Amino acid sequence: MAQDKIQHYTLGTPNGLKTAIALEELGLPYENHIINIMKGEQFAPEFLKVSPNNKIPAIVDPNGPEGKSTPLFESGAILLYLAEKTGKLIPKDPVDRLHTIQWLFWQMAGLGPMFGQFGHFFHYAPEKIPYAIKRYTDEARRLLGVLEKQLDGHDYIVGNEFTIADIAVAPWVYGLDHHYKGREQLKLEEFPRVEKWLRSVLKRPAVLKAYSTFNIEFKPDAFGSPL
(Lines give C-alpha, C1' and ligand atoms only; values in the text may rest on other atoms or scores of the structure.)
Protein backbone atom coordinates (compact mmCIF):
# COMPACT_ATOMS: atom_id res chain seq x y z
CA MET A 1 0.00 0.00 0.00
CA ALA A 2 1.51 3.31 -1.10
CA GLN A 3 1.88 5.53 1.96
CA ASP A 4 1.75 8.81 0.03
CA LYS A 5 -1.40 8.02 -1.96
CA ILE A 6 -5.04 8.48 -1.05
CA GLN A 7 -6.50 5.05 -0.39
CA HIS A 8 -9.80 4.81 -2.26
CA TYR A 9 -12.31 2.12 -1.30
CA THR A 10 -14.90 1.87 -4.02
CA LEU A 11 -16.86 -0.03 -6.66
CA GLY A 12 -18.26 0.89 -10.08
CA THR A 13 -21.60 2.14 -8.78
CA PRO A 14 -22.86 5.71 -9.25
CA ASN A 15 -21.59 6.67 -5.80
CA GLY A 16 -18.29 4.88 -6.31
CA LEU A 17 -17.82 6.59 -9.65
CA LYS A 18 -18.32 10.05 -8.16
CA THR A 19 -15.17 9.90 -6.04
CA ALA A 20 -13.18 8.15 -8.78
CA ILE A 21 -14.05 10.96 -11.20
CA ALA A 22 -13.06 13.63 -8.66
CA LEU A 23 -9.71 11.99 -7.96
CA GLU A 24 -8.98 11.78 -11.69
CA GLU A 25 -10.11 15.36 -12.37
CA LEU A 26 -7.91 16.65 -9.56
CA GLY A 27 -4.88 14.57 -10.55
CA LEU A 28 -4.37 13.38 -7.00
CA PRO A 29 -2.32 10.21 -6.50
CA TYR A 30 -4.56 7.43 -5.26
CA GLU A 31 -4.82 3.69 -4.98
CA ASN A 32 -8.06 1.80 -5.60
CA HIS A 33 -9.36 -0.94 -3.35
CA ILE A 34 -12.39 -2.64 -4.88
CA ILE A 35 -14.98 -3.56 -2.25
CA ASN A 36 -17.20 -6.31 -3.62
CA ILE A 37 -20.52 -5.65 -1.93
CA MET A 38 -22.03 -8.77 -3.50
CA LYS A 39 -19.53 -10.83 -1.48
CA GLY A 40 -20.08 -8.88 1.72
CA GLU A 41 -16.65 -7.28 1.76
CA GLN A 42 -18.19 -4.06 3.08
CA PHE A 43 -18.61 -5.79 6.43
CA ALA A 44 -14.93 -6.66 6.83
CA PRO A 45 -13.49 -5.23 10.08
CA GLU A 46 -10.70 -3.47 8.18
CA PHE A 47 -13.18 -1.65 5.97
CA LEU A 48 -15.49 -0.76 8.86
CA LYS A 49 -12.61 1.14 10.46
CA VAL A 50 -12.75 3.48 7.45
CA SER A 51 -16.48 3.38 6.76
CA PRO A 52 -18.48 2.45 9.89
CA ASN A 53 -21.70 2.69 7.87
CA ASN A 54 -20.40 -0.21 5.71
CA LYS A 55 -20.98 1.72 2.47
CA ILE A 56 -18.71 2.66 -0.41
CA PRO A 57 -16.99 4.90 -1.29
CA ALA A 58 -14.54 5.82 1.44
CA ILE A 59 -11.02 7.20 1.49
CA VAL A 60 -8.02 7.50 3.75
CA ASP A 61 -5.92 10.57 3.03
CA PRO A 62 -2.41 10.10 4.47
CA ASN A 63 -1.92 13.86 4.12
CA GLY A 64 -5.12 15.09 5.70
CA PRO A 65 -5.63 18.16 7.90
CA GLU A 66 -2.53 19.02 9.94
CA GLY A 67 -0.70 16.32 8.02
CA LYS A 68 -2.61 13.56 9.77
CA SER A 69 -3.95 10.41 8.16
CA THR A 70 -7.67 11.02 7.80
CA PRO A 71 -10.42 8.49 6.98
CA LEU A 72 -13.62 9.78 5.40
CA PHE A 73 -16.82 8.15 4.18
CA GLU A 74 -19.95 9.41 2.37
CA SER A 75 -19.42 10.40 -1.26
CA GLY A 76 -20.70 13.96 -0.84
CA ALA A 77 -18.40 14.60 2.10
CA ILE A 78 -15.46 13.20 0.13
CA LEU A 79 -16.22 15.39 -2.90
CA LEU A 80 -16.42 18.51 -0.75
CA TYR A 81 -13.26 17.58 1.14
CA LEU A 82 -11.24 16.99 -2.02
CA ALA A 83 -12.49 20.23 -3.59
CA GLU A 84 -11.58 22.25 -0.52
CA LYS A 85 -8.24 20.46 -0.14
CA THR A 86 -7.19 21.41 -3.67
CA GLY A 87 -9.17 24.58 -4.25
CA LYS A 88 -10.53 23.06 -7.45
CA LEU A 89 -13.93 21.88 -8.70
CA ILE A 90 -15.63 24.43 -6.46
CA PRO A 91 -16.11 28.08 -7.41
CA LYS A 92 -14.15 30.88 -5.77
CA ASP A 93 -17.17 33.18 -5.92
CA PRO A 94 -18.95 32.81 -2.56
CA VAL A 95 -22.46 32.71 -4.02
CA ASP A 96 -21.53 30.17 -6.69
CA ARG A 97 -19.75 28.15 -4.01
CA LEU A 98 -22.91 28.02 -1.92
CA HIS A 99 -24.95 27.06 -4.97
CA THR A 100 -22.51 24.24 -5.75
CA ILE A 101 -22.85 22.87 -2.22
CA GLN A 102 -26.62 23.29 -2.49
CA TRP A 103 -26.82 21.15 -5.64
CA LEU A 104 -24.40 18.62 -4.15
CA PHE A 105 -26.74 18.21 -1.19
CA TRP A 106 -29.70 18.01 -3.58
CA GLN A 107 -28.08 15.02 -5.21
CA MET A 108 -27.22 13.37 -1.94
CA ALA A 109 -30.61 13.89 -0.29
CA GLY A 110 -32.94 13.56 -3.26
CA LEU A 111 -31.72 12.54 -6.67
CA GLY A 112 -29.45 9.66 -5.61
CA PRO A 113 -31.85 7.95 -3.19
CA MET A 114 -34.88 8.41 -5.46
CA PHE A 115 -33.08 7.21 -8.60
CA GLY A 116 -31.86 4.24 -6.59
CA GLN A 117 -35.39 3.38 -5.54
CA PHE A 118 -36.55 3.70 -9.13
CA GLY A 119 -33.82 1.31 -10.25
CA HIS A 120 -34.64 -1.18 -7.54
CA PHE A 121 -38.38 -1.41 -8.09
CA PHE A 122 -38.35 -1.00 -11.88
CA HIS A 123 -35.36 -3.14 -12.80
CA TYR A 124 -34.04 -5.29 -9.96
CA ALA A 125 -36.96 -6.22 -7.71
CA PRO A 126 -38.09 -9.84 -8.20
CA GLU A 127 -41.68 -8.75 -7.58
CA LYS A 128 -42.98 -5.88 -9.70
CA ILE A 129 -45.11 -3.60 -7.54
CA PRO A 130 -47.07 -1.13 -9.72
CA TYR A 131 -47.54 1.42 -6.91
CA ALA A 132 -43.80 1.54 -6.16
CA ILE A 133 -42.83 1.71 -9.83
CA LYS A 134 -45.22 4.59 -10.46
CA ARG A 135 -44.18 6.44 -7.29
CA TYR A 136 -40.48 6.38 -8.11
CA THR A 137 -41.00 6.89 -11.84
CA ASP A 138 -42.91 10.07 -11.06
CA GLU A 139 -40.30 11.28 -8.59
CA ALA A 140 -37.38 10.49 -10.91
CA ARG A 141 -39.08 12.43 -13.70
CA ARG A 142 -39.76 15.34 -11.34
CA LEU A 143 -36.08 15.48 -10.39
CA LEU A 144 -35.04 15.29 -14.03
CA GLY A 145 -37.37 18.20 -14.68
CA VAL A 146 -35.66 20.23 -11.95
CA LEU A 147 -32.29 19.50 -13.54
CA GLU A 148 -33.59 20.29 -17.03
CA LYS A 149 -34.74 23.72 -15.84
CA GLN A 150 -31.49 24.41 -13.99
CA LEU A 151 -29.45 23.72 -17.13
CA ASP A 152 -31.35 26.31 -19.17
CA GLY A 153 -28.88 28.90 -20.45
CA HIS A 154 -25.60 27.47 -19.20
CA ASP A 155 -23.28 24.52 -19.67
CA TYR A 156 -23.13 23.04 -16.19
CA ILE A 157 -25.29 22.82 -13.10
CA VAL A 158 -23.78 25.95 -11.56
CA GLY A 159 -23.24 28.36 -14.43
CA ASN A 160 -20.49 27.52 -16.89
CA GLU A 161 -18.01 25.99 -14.45
CA PHE A 162 -17.62 22.23 -14.05
CA THR A 163 -17.89 21.44 -10.33
CA ILE A 164 -18.41 18.69 -7.80
CA ALA A 165 -22.14 19.19 -8.34
CA ASP A 166 -21.81 17.87 -11.90
CA ILE A 167 -19.61 15.03 -10.69
CA ALA A 168 -22.20 14.04 -8.09
CA VAL A 169 -25.16 14.03 -10.45
CA ALA A 170 -23.79 12.65 -13.74
CA PRO A 171 -23.20 8.97 -12.80
CA TRP A 172 -26.71 8.69 -11.41
CA VAL A 173 -28.31 10.19 -14.51
CA TYR A 174 -26.30 7.95 -16.82
CA GLY A 175 -27.27 4.96 -14.70
CA LEU A 176 -30.98 5.49 -15.38
CA ASP A 177 -30.52 4.00 -18.83
CA HIS A 178 -27.20 2.18 -18.58
CA HIS A 179 -27.95 0.28 -15.34
CA TYR A 180 -31.72 0.47 -14.92
CA LYS A 181 -32.89 0.33 -18.57
CA GLY A 182 -35.32 3.12 -17.82
CA ARG A 183 -35.23 5.15 -21.04
CA GLU A 184 -38.78 4.36 -22.18
CA GLN A 185 -40.28 4.23 -18.69
CA LEU A 186 -38.91 7.67 -17.82
CA LYS A 187 -39.33 9.13 -21.33
CA LEU A 188 -35.78 10.44 -21.18
CA GLU A 189 -36.08 12.08 -24.59
CA GLU A 190 -38.19 14.74 -22.87
CA PHE A 191 -35.07 16.09 -21.13
CA PRO A 192 -32.80 17.29 -23.98
CA ARG A 193 -30.74 19.72 -21.89
CA VAL A 194 -29.97 16.96 -19.43
CA GLU A 195 -28.76 14.68 -22.20
CA LYS A 196 -26.63 17.40 -23.80
CA TRP A 197 -25.05 18.20 -20.43
CA LEU A 198 -24.47 14.52 -19.66
CA ARG A 199 -22.76 13.91 -22.99
CA SER A 200 -20.38 16.81 -22.35
CA VAL A 201 -19.53 15.49 -18.88
CA LEU A 202 -18.96 11.93 -20.07
CA LYS A 203 -16.55 13.11 -22.78
CA ARG A 204 -14.12 14.55 -20.25
CA PRO A 205 -10.83 12.55 -20.18
CA ALA A 206 -10.89 12.16 -16.40
CA VAL A 207 -14.45 10.87 -16.50
CA LEU A 208 -13.64 8.39 -19.26
CA LYS A 209 -10.64 7.15 -17.27
CA ALA A 210 -12.70 6.73 -14.11
CA TYR A 211 -15.31 4.66 -15.96
CA SER A 212 -12.63 2.55 -17.64
CA THR A 213 -11.17 1.70 -14.24
CA PHE A 214 -14.29 -0.36 -13.58
CA ASN A 215 -14.46 -1.73 -17.14
CA ILE A 216 -17.68 0.16 -17.78
CA GLU A 217 -18.12 0.63 -21.51
CA PHE A 218 -20.38 3.34 -22.86
CA LYS A 219 -23.18 2.02 -25.01
CA PRO A 220 -23.72 4.04 -28.21
CA ASP A 221 -27.50 3.99 -27.79
CA ALA A 222 -27.53 4.76 -24.05
CA PHE A 223 -28.93 8.05 -22.80
CA GLY A 224 -26.07 10.53 -22.56
CA SER A 225 -23.43 8.25 -24.03
CA PRO A 226 -20.51 10.30 -25.42
CA LEU A 227 -20.06 7.89 -28.32
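Scroll up a little and you will see the structure.
Residues numbered from 1 in each chain as written. Predicted model: local features only at pLDDT ≥ 70, side-chain atom pairs only at ≥ 80, totals over all residues. Heavy atoms only, no water.

1. Quick word on helix α4 (residues 94-124)
And step 1. Helix length check: α4, at 31 residues, gives a terminal C-alpha distance of 42 Å against a target of 45 Å (1.5 Å per residue), a fit within 8%.
And step 2. Within α4, the axis deviates most sharply at Gln107, by approximately 40°.
And step 3. Sitting at the amino-terminal end of α4 is Asp93, which places a side-chain oxygen 3.1 Å from the backbone nitrogen of Val95. (Helix = DSSP H or I, 4+ residues; strand = E, 2+ residues; numbered from the N terminus. Expected span 1.5 Å × (residues − 1). Bend = angle between axes of the 7 residues up to and from the residue. Polar contact = N/O pair within 3.5 Å; in protein donor to acceptor, adjacent residues only side chain to side chain.)

2. Examining the packing of aromatic side chains
And step 1. Under the defined criterion, the tally for this structure stands at 10 aromatic pairs.
And step 2. Geometrically, the ring pair formed by Tyr9 and Phe47 is tilted, given 6.0 Å between the ring centres and 55° between the ring planes. Of this pair, Tyr9 sits in strand β1 (residues 6-10) while Phe47 sits in helix α2 (residues 45-48); the two residues are 38 residues apart in sequence, bridging distant segments of the chain. Phe47 carries the same exposure label as Tyr9, and that label is buried. (Phe/Tyr/Trp six-rings, centres within 6.5 Å; stacked < 30°, edge-to-face > 60°. Buried < 20%, exposed > 50% of the residue type's maximum accessible area, 1.4 Å probe, protein only.)

3. A closer look at the sheet that holds β1
And step 1. The 4 strands lie next to each other as β2-β1-β3-β4, forming an open sheet whose pairing is mixed. On the outer flanks of this sheet lie β2 (30-34) and β4 (70-73), each paired with one strand and no other. Neighbour-to-neighbour, the strand axes of the sheet open up by a mean angle of 15°, direction not taken into account. (Pairing = 2+ DSSP bridges. Axes fitted to C-alpha atoms, helices over the stretch in contact; angles between N-to-C directions.)

4. Re unusual backbone geometry
And step 1. With an omega of 0°, the peptide bond between Ile56 and Pro57 qualifies as cis.
And step 2. Tracing the backbone shows Pro57 in the loop between α2 and β3 (58-61).
And step 3. Not every positive phi belongs to a glycine, and Asn215 is a case in point at roughly 55°.
And step 4. Along the polypeptide, Asn215 turns up in the segment after α9 (205-213).

5. Things to note about helix α8 (residues 192-202)
And step 1. By the burial criterion, the buried members of α8 are Val194, Glu195, Trp197, Leu198, Val201 and Leu202. Along the long axis of α8, the arc covered by the buried residues comes to 165°, so they all point the same way. The outward face of α8, more than 90 degrees from its buried face, is lined by the exposed residues Pro192 and Lys196.
And step 2. Here the buried face of α8 lies against α5 (130-150), α6 (164-178) and α9. (Arc of directions from axis to C-beta. Contact = heavy atoms within 4.5 Å.)

6. Points about the nonpolar core
And step 1. In terms of nonpolar packing, the biggest core is built from 65 residues, with Leu82, Val173 and Trp197 touching the most fellow members.
And step 2. Of all the secondary structure elements, the ones that give two or more residues to this core are α1 (14-26), α3 (75-86), α4, α5, α6, α8 and α9.
And step 3. Counting residues per element, this core draws most heavily on α6, which supplies 10 residues.
And step 4. Among the nonpolar cores identified, the runner-up in size contains 8 residues, and Tyr9, Leu11, Phe47 and Ile56 belong to it. (Core = buried A, V, L, I, M, F, W, Y, C linked by side-chain atoms within 4.5 Å.)

7. Thoughts on the pattern of salt bridges
And step 1. Tallied over the full model, the rule gives 12 salt bridges.
And step 2. A salt bridge links Lys209 to Glu24, with the shortest nitrogen-to-oxygen separation between them at 3.7 Å. Linking Lys209 in helix α9 with Glu24 in helix α1, this pair joins segments that are 185 residues apart in sequence.
And step 3. We classify Lys209 as partly exposed; its relative accessible area is 48%.
And step 4. Note that Arg199 is salt-bridged to Glu195, the shortest N-O span being 2.9 Å. Linking Arg199 with Glu195, this pair stays in helix α8, spanning 4 residues, or about one helical turn. (Salt bridge = Lys/Arg side-chain N within 4 Å of Asp/Glu carboxyl O.)

8. So, the side chain of Lys18
And step 1. One can find Lys18 in helix α1.
And step 2. Nearest to the buried, unbridged Lys18 among oppositely charged side chains is Glu74, at 7.2 Å.
And step 3. When sequence neighbours within four positions are dropped, the list of residues in contact with Lys18 reads Ser75, Leu79, Gln107, Met108, Ile167, Ala168, Pro171 and Trp172. (Lys, Arg positive; Asp, Glu negative; His and termini not counted.)

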